[in-house]
Amino acid sequence: MLLVFGTRPEAIKMLPVAQALMRKSNADVRICVTAQHRQMLDQVLDLFDVWPDYDLDIMKQGQGLEHVTTAVLQGLGDVLDDAKPDRVLVHGDTTTTMAASLAAFYRKVPVAHVEAGLRSGDPAQPWPEEMNRRVTDVIADRFFAPTTRARDNLLKENASPAAIHVTGNTVIDALLAVVDRIDRSPDLKETLAAQFAFLAPDRPILLVTGHRRENFGKPFDSLCSAIRDLARAHQIQVVYPVHLNPNVQSAVRRFLGDVPHVHLVPPLDYLPFVYLMMRAHVVLTDSGGIQEEAPSLGKPVFVMRNVTERPEAVEAGTVKLVGTDRDRIFTAVGEVIEDADAHARMSQAHNPYGDGQAARRIADILTIGSTDEFSP
Ligand code: UD1
Ligand code: UDP
(Lines give C-alpha, C1' and ligand atoms only; values in the text may rest on other atoms or scores of the structure.)
(Ligands and ions follow the chains in the order given, each with its own letter.)
Protein backbone atom coordinates (compact mmCIF):
# COMPACT_ATOMS: atom_id res chain seq x y z
CA MET A 1 0.00 0.00 0.00
CA LEU A 2 1.32 3.45 -0.88
CA LEU A 3 0.06 6.50 1.04
CA VAL A 4 0.47 9.74 -0.93
CA PHE A 5 0.07 13.23 0.52
CA GLY A 6 1.69 16.62 0.20
CA THR A 7 0.28 19.43 2.36
CA ARG A 8 0.03 20.18 6.09
CA PRO A 9 -3.63 19.14 6.56
CA GLU A 10 -3.20 15.93 4.56
CA ALA A 11 -0.23 14.98 6.74
CA ILE A 12 -2.12 15.68 9.98
CA LYS A 13 -4.99 13.53 8.75
CA MET A 14 -3.02 10.73 7.03
CA LEU A 15 -0.26 10.06 9.57
CA PRO A 16 -2.70 8.49 12.07
CA VAL A 17 -3.73 6.14 9.21
CA ALA A 18 -0.08 5.37 8.40
CA GLN A 19 0.62 4.58 12.06
CA ALA A 20 -2.47 2.36 12.40
CA LEU A 21 -1.50 0.45 9.24
CA MET A 22 2.12 0.06 10.39
CA ARG A 23 0.84 -1.74 13.50
CA LYS A 24 -0.63 -4.46 11.24
CA SER A 25 1.74 -7.31 10.56
CA ASN A 26 0.08 -8.09 7.20
CA ALA A 27 0.33 -4.58 5.74
CA ASP A 28 3.23 -3.44 3.57
CA VAL A 29 3.00 0.32 4.08
CA ARG A 30 5.00 2.89 2.19
CA ILE A 31 4.73 6.65 2.13
CA CYS A 32 5.29 9.10 -0.70
CA VAL A 33 5.15 12.82 0.02
CA THR A 34 4.82 15.18 -2.91
CA ALA A 35 5.96 18.10 -0.72
CA GLN A 36 3.41 20.40 -2.34
CA HIS A 37 4.12 22.10 1.01
CA ARG A 38 7.68 21.94 2.29
CA GLN A 39 8.18 23.56 5.71
CA MET A 40 4.52 23.16 6.74
CA LEU A 41 4.62 19.46 5.80
CA ASP A 42 7.94 18.81 7.54
CA GLN A 43 6.54 20.35 10.76
CA VAL A 44 3.96 17.56 10.87
CA LEU A 45 6.34 14.74 9.88
CA ASP A 46 8.59 15.84 12.75
CA LEU A 47 5.76 15.72 15.30
CA PHE A 48 4.58 12.24 14.28
CA ASP A 49 8.15 11.04 13.72
CA VAL A 50 7.16 9.20 10.54
CA TRP A 51 9.46 9.54 7.54
CA PRO A 52 8.58 9.04 3.87
CA ASP A 53 10.07 6.41 1.58
CA TYR A 54 9.72 8.78 -1.38
CA ASP A 55 9.81 12.58 -1.49
CA LEU A 56 8.95 14.32 -4.79
CA ASP A 57 9.99 17.71 -3.35
CA ILE A 58 7.88 19.65 -5.87
CA MET A 59 7.18 22.94 -4.05
CA LYS A 60 8.09 26.22 -5.77
CA GLN A 61 7.46 29.69 -4.38
CA GLY A 62 4.09 31.05 -5.53
CA GLN A 63 3.36 27.86 -7.47
CA GLY A 64 0.41 27.59 -9.83
CA LEU A 65 -2.05 24.72 -10.05
CA GLU A 66 -0.56 23.52 -13.35
CA HIS A 67 2.86 23.13 -11.75
CA VAL A 68 1.51 21.11 -8.82
CA THR A 69 -0.64 18.91 -11.07
CA THR A 70 2.03 18.08 -13.64
CA ALA A 71 4.90 17.67 -11.16
CA VAL A 72 2.87 15.21 -9.06
CA LEU A 73 1.66 13.31 -12.13
CA GLN A 74 5.15 13.01 -13.57
CA GLY A 75 6.95 12.26 -10.29
CA LEU A 76 4.47 9.72 -9.00
CA GLY A 77 4.55 7.66 -12.20
CA ASP A 78 8.19 6.78 -11.46
CA VAL A 79 7.44 6.05 -7.79
CA LEU A 80 4.60 3.70 -8.76
CA ASP A 81 6.89 1.86 -11.16
CA ASP A 82 9.41 1.41 -8.35
CA ALA A 83 7.10 0.64 -5.40
CA LYS A 84 4.54 -1.44 -7.34
CA PRO A 85 1.87 -0.99 -4.63
CA ASP A 86 -1.33 -3.04 -4.64
CA ARG A 87 -3.25 0.15 -3.74
CA VAL A 88 -2.77 3.89 -3.36
CA LEU A 89 -4.35 5.84 -0.49
CA VAL A 90 -4.99 9.55 -0.91
CA HIS A 91 -6.65 12.10 1.34
CA GLY A 92 -9.15 14.91 0.94
CA ASP A 93 -9.17 17.50 -1.79
CA THR A 94 -5.81 19.09 -2.58
CA THR A 95 -4.21 19.13 -6.00
CA THR A 96 -1.79 16.48 -4.74
CA THR A 97 -4.83 14.27 -4.02
CA MET A 98 -6.36 14.70 -7.47
CA ALA A 99 -3.10 14.35 -9.42
CA ALA A 100 -1.95 11.33 -7.36
CA SER A 101 -5.28 9.61 -8.06
CA LEU A 102 -4.85 10.23 -11.77
CA ALA A 103 -1.24 8.95 -11.68
CA ALA A 104 -2.45 5.75 -10.00
CA PHE A 105 -5.23 5.40 -12.56
CA TYR A 106 -2.68 5.67 -15.38
CA ARG A 107 -0.74 2.78 -13.79
CA LYS A 108 -3.97 0.80 -13.17
CA VAL A 109 -3.41 0.85 -9.41
CA PRO A 110 -6.68 1.03 -7.38
CA VAL A 111 -7.22 4.13 -5.25
CA ALA A 112 -8.81 4.42 -1.80
CA HIS A 113 -9.96 7.90 -0.78
CA VAL A 114 -9.78 8.96 2.86
CA GLU A 115 -12.21 11.81 3.69
CA ALA A 116 -14.31 10.94 0.65
CA GLY A 117 -17.74 12.35 -0.18
CA LEU A 118 -17.52 15.94 1.07
CA ARG A 119 -19.43 18.27 -1.26
CA SER A 120 -20.21 21.99 -1.16
CA GLY A 121 -22.25 21.62 -4.38
CA ASP A 122 -20.43 24.59 -5.97
CA PRO A 123 -17.38 23.87 -8.17
CA ALA A 124 -16.12 27.42 -7.52
CA GLN A 125 -16.14 27.16 -3.69
CA PRO A 126 -13.82 25.96 -2.32
CA TRP A 127 -11.68 26.33 -5.43
CA PRO A 128 -10.11 24.13 -6.73
CA GLU A 129 -10.86 21.67 -3.89
CA GLU A 130 -14.49 20.87 -4.78
CA MET A 131 -13.38 19.70 -8.24
CA ASN A 132 -10.31 17.89 -6.84
CA ARG A 133 -12.45 15.77 -4.54
CA ARG A 134 -15.04 15.02 -7.22
CA VAL A 135 -12.37 13.87 -9.68
CA THR A 136 -10.77 11.73 -6.96
CA ASP A 137 -14.10 10.05 -6.18
CA VAL A 138 -14.64 9.24 -9.87
CA ILE A 139 -11.30 7.40 -9.86
CA ALA A 140 -11.42 5.75 -6.40
CA ASP A 141 -12.94 2.32 -5.81
CA ARG A 142 -12.98 2.50 -1.97
CA PHE A 143 -14.29 5.40 0.05
CA PHE A 144 -13.63 6.25 3.69
CA ALA A 145 -16.41 8.73 4.35
CA PRO A 146 -16.09 10.72 7.60
CA THR A 147 -19.85 11.11 8.15
CA THR A 148 -23.14 9.60 6.99
CA ARG A 149 -23.79 12.81 5.04
CA ALA A 150 -20.57 12.23 3.07
CA ARG A 151 -21.69 8.64 2.40
CA ASP A 152 -25.06 9.90 1.12
CA ASN A 153 -23.30 12.30 -1.26
CA LEU A 154 -21.34 9.35 -2.70
CA LEU A 155 -24.47 7.23 -3.03
CA LYS A 156 -26.18 10.05 -4.95
CA GLU A 157 -23.25 9.89 -7.40
CA ASN A 158 -23.79 6.12 -7.79
CA ALA A 159 -20.80 4.87 -5.80
CA SER A 160 -21.27 1.23 -4.83
CA PRO A 161 -22.69 1.00 -1.26
CA ALA A 162 -20.31 -1.87 -0.45
CA ALA A 163 -17.31 0.32 -1.31
CA ILE A 164 -18.22 3.05 1.22
CA HIS A 165 -17.24 2.92 4.91
CA VAL A 166 -18.27 5.61 7.41
CA THR A 167 -15.22 5.92 9.65
CA GLY A 168 -15.23 9.41 11.22
CA ASN A 169 -12.53 11.91 10.29
CA THR A 170 -8.94 11.03 11.17
CA VAL A 171 -8.30 14.67 12.15
CA ILE A 172 -10.15 13.93 15.39
CA ASP A 173 -7.72 11.05 16.06
CA ALA A 174 -4.80 13.48 15.65
CA LEU A 175 -6.50 16.17 17.72
CA LEU A 176 -7.47 13.92 20.65
CA ALA A 177 -3.99 12.38 20.78
CA VAL A 178 -2.38 15.83 21.02
CA VAL A 179 -4.93 17.14 23.56
CA ASP A 180 -4.26 14.06 25.68
CA ARG A 181 -0.51 14.63 25.45
CA ILE A 182 -0.91 18.26 26.59
CA ASP A 183 -3.40 17.39 29.37
CA ARG A 184 -1.14 14.69 30.80
CA SER A 185 2.05 16.72 31.00
CA PRO A 186 2.35 19.77 33.28
CA ASP A 187 5.91 20.24 31.92
CA LEU A 188 4.65 20.41 28.34
CA LYS A 189 1.93 22.87 29.37
CA GLU A 190 4.57 25.05 30.98
CA THR A 191 6.75 24.95 27.86
CA LEU A 192 3.78 25.86 25.68
CA ALA A 193 2.75 28.69 28.02
CA ALA A 194 6.33 30.04 27.80
CA GLN A 195 6.17 29.92 23.98
CA PHE A 196 3.14 32.24 24.17
CA ALA A 197 4.40 34.43 27.02
CA PHE A 198 3.76 37.47 24.78
CA LEU A 199 0.00 36.94 25.22
CA ALA A 200 -1.77 38.97 27.94
CA PRO A 201 -3.35 36.55 30.46
CA ASP A 202 -6.47 38.72 30.90
CA ARG A 203 -7.40 39.37 27.24
CA PRO A 204 -9.59 36.82 25.42
CA ILE A 205 -7.92 35.33 22.34
CA LEU A 206 -9.40 35.55 18.86
CA LEU A 207 -7.50 32.87 16.91
CA VAL A 208 -7.43 33.50 13.16
CA THR A 209 -6.29 31.50 10.12
CA GLY A 210 -7.01 32.22 6.45
CA HIS A 211 -5.57 30.96 3.18
CA ARG A 212 -8.25 30.05 0.62
CA ARG A 213 -7.38 30.69 -3.02
CA GLU A 214 -10.93 31.80 -3.93
CA ASN A 215 -10.59 34.62 -1.35
CA PHE A 216 -7.39 36.14 -2.79
CA GLY A 217 -7.74 39.79 -3.80
CA LYS A 218 -10.72 41.87 -2.60
CA PRO A 219 -12.30 39.25 -0.28
CA PHE A 220 -8.98 38.85 1.53
CA ASP A 221 -8.61 42.62 1.96
CA SER A 222 -12.15 42.74 3.30
CA LEU A 223 -11.65 39.98 5.88
CA CYS A 224 -8.35 41.54 6.99
CA SER A 225 -10.16 44.89 7.56
CA ALA A 226 -12.71 43.07 9.72
CA ILE A 227 -9.93 41.54 11.85
CA ARG A 228 -8.18 44.92 12.22
CA ASP A 229 -11.43 46.62 13.26
CA LEU A 230 -12.33 43.84 15.72
CA ALA A 231 -8.93 44.25 17.42
CA ARG A 232 -9.53 48.01 17.69
CA ALA A 233 -13.13 47.79 18.91
CA HIS A 234 -12.92 45.05 21.59
CA GLN A 235 -10.77 44.16 24.60
CA ILE A 236 -9.29 41.12 22.84
CA GLN A 237 -5.99 39.96 21.39
CA VAL A 238 -5.72 38.41 17.95
CA VAL A 239 -3.27 35.60 17.19
CA TYR A 240 -2.87 34.88 13.48
CA PRO A 241 -0.36 32.20 12.36
CA VAL A 242 0.10 33.41 8.80
CA HIS A 243 0.13 30.79 6.03
CA LEU A 244 3.33 30.90 3.91
CA ASN A 245 1.47 31.47 0.63
CA PRO A 246 2.86 34.82 -0.67
CA ASN A 247 -0.67 36.02 -1.59
CA VAL A 248 -1.72 35.56 2.02
CA GLN A 249 1.45 37.07 3.48
CA SER A 250 1.21 40.31 1.49
CA ALA A 251 -2.46 41.08 2.32
CA VAL A 252 -2.10 40.17 5.99
CA ARG A 253 1.06 42.26 6.51
CA ARG A 254 -0.48 45.24 4.69
CA PHE A 255 -3.63 45.33 6.83
CA LEU A 256 -2.50 43.85 10.13
CA GLY A 257 1.26 44.41 10.28
CA ASP A 258 1.10 47.22 12.77
CA VAL A 259 -2.15 46.91 14.71
CA PRO A 260 -2.04 46.89 18.53
CA HIS A 261 -3.07 43.54 20.08
CA VAL A 262 -2.68 41.70 16.75
CA HIS A 263 0.09 39.08 16.85
CA LEU A 264 1.15 37.78 13.44
CA VAL A 265 3.21 34.61 13.91
CA PRO A 266 4.65 32.04 11.48
CA PRO A 267 2.67 28.81 10.87
CA LEU A 268 2.74 26.92 14.15
CA ASP A 269 3.66 23.31 14.74
CA TYR A 270 0.51 21.26 15.27
CA LEU A 271 1.07 20.79 19.01
CA PRO A 272 1.31 24.52 19.88
CA PHE A 273 -1.52 25.24 17.46
CA VAL A 274 -3.80 22.81 19.30
CA TYR A 275 -2.74 24.39 22.61
CA LEU A 276 -3.74 27.79 21.21
CA MET A 277 -7.12 26.43 20.06
CA MET A 278 -7.66 25.14 23.61
CA ARG A 279 -6.91 28.66 24.97
CA ALA A 280 -8.91 30.54 22.33
CA HIS A 281 -12.16 32.36 23.17
CA VAL A 282 -13.32 32.45 19.54
CA VAL A 283 -11.91 31.04 16.27
CA LEU A 284 -12.19 32.83 12.92
CA THR A 285 -11.01 30.77 9.95
CA ASP A 286 -11.51 29.63 6.37
CA SER A 287 -9.78 26.30 7.04
CA GLY A 288 -11.44 22.95 6.46
CA GLY A 289 -9.61 21.09 9.24
CA ILE A 290 -10.17 23.73 11.90
CA GLN A 291 -13.93 23.62 11.20
CA GLU A 292 -13.74 19.96 12.23
CA GLU A 293 -11.42 20.35 15.23
CA ALA A 294 -12.79 23.40 17.04
CA PRO A 295 -16.29 21.94 17.68
CA SER A 296 -14.63 19.02 19.49
CA LEU A 297 -12.99 21.54 21.79
CA GLY A 298 -16.28 23.42 22.28
CA LYS A 299 -14.98 26.61 20.65
CA PRO A 300 -17.23 28.99 18.68
CA VAL A 301 -16.03 29.02 15.08
CA PHE A 302 -16.79 31.67 12.46
CA VAL A 303 -16.04 30.42 8.95
CA MET A 304 -15.07 32.93 6.27
CA ARG A 305 -16.78 31.09 3.43
CA ASN A 306 -20.18 31.39 1.73
CA VAL A 307 -20.78 27.64 1.55
CA THR A 308 -19.29 24.68 3.37
CA GLU A 309 -18.84 21.01 2.59
CA ARG A 310 -18.88 20.42 6.35
CA PRO A 311 -22.47 21.33 7.35
CA GLU A 312 -22.67 19.06 10.42
CA ALA A 313 -21.17 21.54 12.92
CA VAL A 314 -23.21 24.41 11.45
CA GLU A 315 -26.34 22.38 12.22
CA ALA A 316 -25.01 21.62 15.73
CA GLY A 317 -24.63 25.38 16.34
CA THR A 318 -20.88 25.65 17.02
CA VAL A 319 -19.98 26.88 13.52
CA LYS A 320 -21.41 29.93 11.70
CA LEU A 321 -20.71 30.87 8.10
CA VAL A 322 -19.90 34.58 7.79
CA GLY A 323 -18.44 34.87 4.27
CA THR A 324 -15.75 37.48 3.66
CA ASP A 325 -17.74 40.72 3.95
CA ARG A 326 -16.12 43.10 6.46
CA ASP A 327 -19.38 44.23 8.11
CA ARG A 328 -20.81 40.74 8.42
CA ILE A 329 -17.65 39.35 10.06
CA PHE A 330 -17.27 42.42 12.31
CA THR A 331 -20.87 42.21 13.58
CA ALA A 332 -21.12 38.44 14.04
CA VAL A 333 -17.77 37.98 15.81
CA GLY A 334 -18.22 41.17 17.86
CA GLU A 335 -21.56 39.92 19.19
CA VAL A 336 -20.07 36.68 20.50
CA ILE A 337 -17.11 38.52 22.04
CA GLU A 338 -19.41 40.93 23.95
CA ASP A 339 -22.41 38.69 24.75
CA ALA A 340 -21.62 35.88 27.20
CA ASP A 341 -24.93 34.08 26.50
CA ALA A 342 -24.33 34.10 22.74
CA HIS A 343 -20.81 32.78 23.41
CA ALA A 344 -22.13 30.02 25.70
CA ARG A 345 -24.70 28.95 23.07
CA MET A 346 -21.91 28.36 20.54
CA SER A 347 -19.56 26.68 23.02
CA GLN A 348 -21.18 23.26 23.41
CA ALA A 349 -18.63 20.58 22.54
CA HIS A 350 -19.78 18.33 19.69
CA ASN A 351 -18.06 15.52 17.86
CA PRO A 352 -19.99 15.23 14.60
CA TYR A 353 -16.77 14.46 12.74
CA GLY A 354 -15.29 11.58 14.67
CA ASP A 355 -14.53 9.72 17.90
CA GLY A 356 -10.77 9.26 17.62
CA GLN A 357 -11.06 5.75 16.11
CA ALA A 358 -11.14 6.59 12.41
CA ALA A 359 -7.57 5.54 11.55
CA ARG A 360 -7.95 2.22 13.39
CA ARG A 361 -11.22 1.56 11.52
CA ILE A 362 -9.58 2.29 8.16
CA ALA A 363 -6.63 0.00 8.94
CA ASP A 364 -9.01 -2.78 10.11
CA ILE A 365 -11.17 -2.45 6.99
CA LEU A 366 -8.14 -2.62 4.68
CA THR A 367 -6.39 -5.49 6.43
CA ILE A 368 -9.04 -7.73 8.01
CA GLY A 369 -12.23 -6.64 6.22
CA SER A 370 -13.80 -5.25 9.41
CA THR A 371 -17.24 -3.61 9.11
CA ASP A 372 -17.02 -1.39 12.21
CA GLU A 373 -18.52 2.05 11.45
CA PHE A 374 -18.59 5.46 13.15
CA SER A 375 -21.96 6.64 14.42
CA PRO A 376 -22.01 10.17 15.88
C1 UD1 B 1 -2.94 24.07 -0.37
C2 UD1 B 1 -4.14 23.35 -0.98
C3 UD1 B 1 -5.40 23.63 -0.15
C4 UD1 B 1 -5.18 23.36 1.32
C5 UD1 B 1 -3.97 24.12 1.80
C6 UD1 B 1 -3.67 23.80 3.23
C7 UD1 B 1 -4.30 23.07 -3.40
C8 UD1 B 1 -4.58 23.72 -4.69
N9 UD1 B 1 -4.38 23.86 -2.31
O10 UD1 B 1 -3.14 25.46 -0.55
O11 UD1 B 1 -6.45 22.81 -0.63
O12 UD1 B 1 -6.33 23.79 2.02
O13 UD1 B 1 -2.83 23.76 1.00
O14 UD1 B 1 -2.80 24.71 3.82
O15 UD1 B 1 -4.00 21.89 -3.35
N16 UD1 B 1 4.40 27.70 0.92
C17 UD1 B 1 5.67 27.68 1.48
N18 UD1 B 1 5.94 26.65 2.37
C19 UD1 B 1 5.05 25.73 2.73
C20 UD1 B 1 3.76 25.78 2.17
C21 UD1 B 1 3.46 26.78 1.25
O22 UD1 B 1 6.52 28.50 1.20
O23 UD1 B 1 5.37 24.85 3.54
C24 UD1 B 1 4.09 28.78 -0.06
C25 UD1 B 1 4.83 28.57 -1.40
O26 UD1 B 1 5.16 29.82 -1.94
C27 UD1 B 1 3.76 27.89 -2.27
C28 UD1 B 1 2.52 28.61 -1.79
O29 UD1 B 1 2.71 28.78 -0.37
O30 UD1 B 1 3.98 28.03 -3.65
C31 UD1 B 1 1.21 27.95 -2.10
O32 UD1 B 1 1.20 26.58 -1.72
P33 UD1 B 1 0.08 25.60 -2.38
O34 UD1 B 1 0.19 24.26 -1.75
O35 UD1 B 1 0.13 25.68 -3.85
O36 UD1 B 1 -1.29 26.29 -1.98
P37 UD1 B 1 -1.95 26.50 -0.55
O38 UD1 B 1 -2.59 27.85 -0.61
O39 UD1 B 1 -0.97 26.22 0.50
N1 UDP C 1 -2.71 24.09 11.81
C2 UDP C 1 -1.41 24.01 12.33
N3 UDP C 1 -0.68 25.16 12.47
C4 UDP C 1 -1.17 26.38 12.12
C5 UDP C 1 -2.49 26.44 11.56
C6 UDP C 1 -3.22 25.28 11.40
O7 UDP C 1 -0.94 22.93 12.68
O8 UDP C 1 -0.47 27.38 12.29
C9 UDP C 1 -3.47 22.84 11.62
C10 UDP C 1 -4.93 22.86 12.07
O11 UDP C 1 -5.07 22.49 13.41
C12 UDP C 1 -5.57 21.86 11.11
C13 UDP C 1 -4.76 21.99 9.84
O14 UDP C 1 -3.53 22.62 10.22
O15 UDP C 1 -5.42 20.51 11.58
C16 UDP C 1 -5.50 22.83 8.86
O17 UDP C 1 -4.66 23.16 7.80
P18 UDP C 1 -5.02 24.30 6.77
O19 UDP C 1 -5.91 25.31 7.40
O20 UDP C 1 -3.72 24.75 6.21
O21 UDP C 1 -5.75 23.50 5.60
P22 UDP C 1 -7.27 23.11 5.34
O23 UDP C 1 -7.77 22.34 6.49
O24 UDP C 1 -8.04 24.36 5.08
O25 UDP C 1 -7.19 22.29 4.10
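*Asks:* So what about the side chain of Thr-94? Which residues, and what values?
*Replies:* Assignment of secondary structure puts Thr-94 in the loop between strand 4 (88-91) and helix 4 (95-106). The class for Thr-94 is buried, based on a relative accessible area of 12%. Side chain to side chain, Thr-94 and Thr-97 meet in a polar contact 3.0 Å long. With near-sequence residues (within four places) excluded, Thr-94 lies in contact with Thr-7, Glu-10, Gln-36 and Asn-132.

*Asks:* So what about the site of ligand 2? Which residues, and what values?
*Replies:* Near ligand 2 you find 16 residues, and of these Arg-8, Leu-268, Gly-288, Gly-289 and Glu-293 are the closest. Between ligand 2 and Ser-287, the relevant distance is 2.9 Å, taken from an oxygen atom to a side-chain nitrogen or oxygen of the residue. When isolated, ligand 2 has an accessible area of 530 Å², and the protein chains bury 95% of it. The element contributing the most residues to the shell around ligand 2 is helix 12 (residues 288-296), with 4 residues. A class-by-class count of the residues in the shell around ligand 2 yields 9 nonpolar, 4 polar and 3 charged.

*Asks:* Residues and numbers for the packing of helix 9 (residues 218-233) against helix 14 (residues 326-338), please.
*Replies:* Each packed pair of helices is defined by two parameters, the angle between the axes and the distance between the axes. Following both chains from N to C, one finds helix 9 and helix 14 inclined at 35°, their axes separated by 8 Å at the closest point. As helix 9 runs across helix 14, the sense of the crossing is right-handed. Residues Ser-222, Leu-223, Ser-225, Ala-226, Asp-229, Leu-230 and Ala-233 of helix 9 pack against Arg-326, Ile-329, Phe-330, Val-333, Gly-334 and Ile-337 of helix 14. Along the lines of polarity and charge, the residues of the contact of helix 9 with helix 14 split into 8 nonpolar, 3 polar and 2 charged.

*Asks:* Break down the pattern of salt bridges for me, with residues and values.
*Replies:* Charged atoms that come close allow side chains of opposite charge to pair. In total, this model carries 33 salt bridges according to the counting rule given. Among the ionic pairs, Arg-360 bridges to Asp-364, the shortest N-O distance being 3.0 Å. Taken together, the residues span about one helical turn, with Arg-360 and Asp-364 both in helix 16 (residues 358-368) at a distance of 4 residues. Looking at Arg-360, the relative accessible area reads 33%, which means it is partly exposed. Note on Asp-364: relative accessible area 11%, which makes it buried. Taken together, the shared-partner salt bridges in this structure form one network comprising Lys-13, Asp-93, Glu-115, Glu-130, Arg-133, Arg-134, Glu-292, Arg-305, Glu-309 and Arg-310.

*Asks:* Give me the sheet that holds strand 5 (residues 111-114): which residues, what numbers.
*Replies:* What the 7 strands build is an open sheet, ordered 3-2-1-4-5-6-7; its pairing is parallel. Each end of this open sheet is capped by a strand with a single partner; those strands are strand 3 (54-55) and strand 7 (164-166). Note: strand 1 (residues 2-5) against strand 4, 2 bridges, orientation parallel. When the bridges of strand 4 are listed, Leu-2 appears paired with Val-88. Running over the sheet, helix 4 touches strand 1, strand 4 and strand 5 and is turned about 160° from strand 4. Sheet contacts for helix 6 (residues 148-156): strand 6 (142-145) and strand 7; angle to strand 7, the most-contacted strand, approximately 165°.

Definitions and cut-offs
Residues numbered from 1 in each chain as written. Chains lettered and ligands numbered in written order. Predicted model: local features only at pLDDT ≥ 70, side-chain atom pairs only at ≥ 80, totals over all residues. Heavy atoms only, no water. Helix = DSSP H or I, 4+ residues; strand = E, 2+ residues; numbered from the N terminus. Buried < 20%, exposed > 50% of the residue type's maximum accessible area, 1.4 Å probe, protein only. Polar contact = N/O pair within 3.5 Å; in protein donor to acceptor, adjacent residues only side chain to side chain. Contact = heavy atoms within 4.5 Å. Near = heavy atom within 4 Å. Areas by Shrake-Rupley, 256 points an atom, 1.4 Å probe, with all protein chains shown as cover. Nonpolar A, V, L, I, M, F, W, Y, C, P; charged D, E, K, R; others polar. Axes fitted to C-alpha atoms, helices over the stretch in contact; angles between N-to-C directions. Left-handed = near helix turned anticlockwise from the far one by under 90°. Salt bridge = Lys/Arg side-chain N within 4 Å of Asp/Glu carboxyl O. Pairing = 2+ DSSP bridges.

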